[in-house]
Amino acid sequence: MTDDFSNNKQDLMGIESLSARIKEYAEIDVHPDDRKRYLATMSKENVLEHMKHEKALAVNYRVLKNGQEPYVQSKLIKDLSALPGENKFVLIHHSIDTEVKMEQMISNALKLANLDSLTGVRNRTAYDADLQHLKEMLASKEQKEAGIVMVDVNWLKDTNDKMGHTAGDELL
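Residues numbered from 1 in each chain as written. Predicted model: local features only at pLDDT ≥ 70, side-chain atom pairs only at ≥ 80, totals over all residues. Heavy atoms only, no water.

## What to know about the pattern of salt bridges
To keep it simple, the criterion reads: What counts as a salt bridge is simple: a side-chain nitrogen of Lys or Arg found within 4 Å of a carboxyl oxygen of Asp or Glu. A run of H or I in DSSP becomes a helix once it reaches four residues, and a run of E becomes a strand once it reaches two; helices and strands are each numbered from the N terminus. Using a 1.4 Å probe on the protein chains alone, a residue whose accessible area is under 20% of its type maximum counts as buried, one over 50% counts as exposed, and one in between counts as partly exposed.
Taken as a whole and assessed by the stated rule, the structure comprises 11 salt bridges. Notably, a salt bridge pairs Asp128 with Arg124, separated by 3.0 Å at the nearest N-O pair. Of this pair, Asp128 and Arg124 both sit in helix α5 (residues 124-139), four residues apart, which is roughly one turn of the helix. You can call Asp128 partly exposed: its relative accessible area is 38%. Classification of Arg124 by relative accessible area gives exposed; the value is 57%. Across the pair Asp161 and Lys157 runs a salt bridge, and its minimum N-O distance is 2.8 Å. Pair noted here: Asp161 and Lys157 are both in helix α6 (residues 156-163), with a separation of four residues, about one helical turn. With relative accessibility at 52%, the residue Asp161 sits in the exposed group. Counted as one network, the salt bridges with shared partners bring together Asp33, Asp34, Arg37, Arg62 and Glu69.

Purely geometric stuff here, so don't read any function into it on its own.
So this is what it looks like as structure tokens:
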């Protein structure tokens, strides 16, 4: 299929035509690493079971498009005006690439903010957050006991001042 994910595509279709379209689309456009999950989520059986209780079903995945691997969401929406026993759906594809990449950048920034750039060891910011979380777990009785081990390198400042930061880095 040649869906342009910057524009929503909407078609009202029955479950049989939907199943055929999803299989064809998955083979052509869905990234091979995401294909199995996409097909399982959008399978006829899963769709019918899910839609007994919900009005919509969404799956996020990557596509192969012009040598790129943008993230897309397919959303299946149940036609609430369909007659009882009739299963009709609208299938919408839209790009979520910007949102996914922004989330990845934020996640990466948070990881970096909690690591010492020289040693790769979790830093004081991470320690403070972990300590707060531990206090909350102890207060809620979710955890009964805890222990904390801290390591301090004595005279690191003296080493940096007298022998240089390279020597201090090697000491670490």
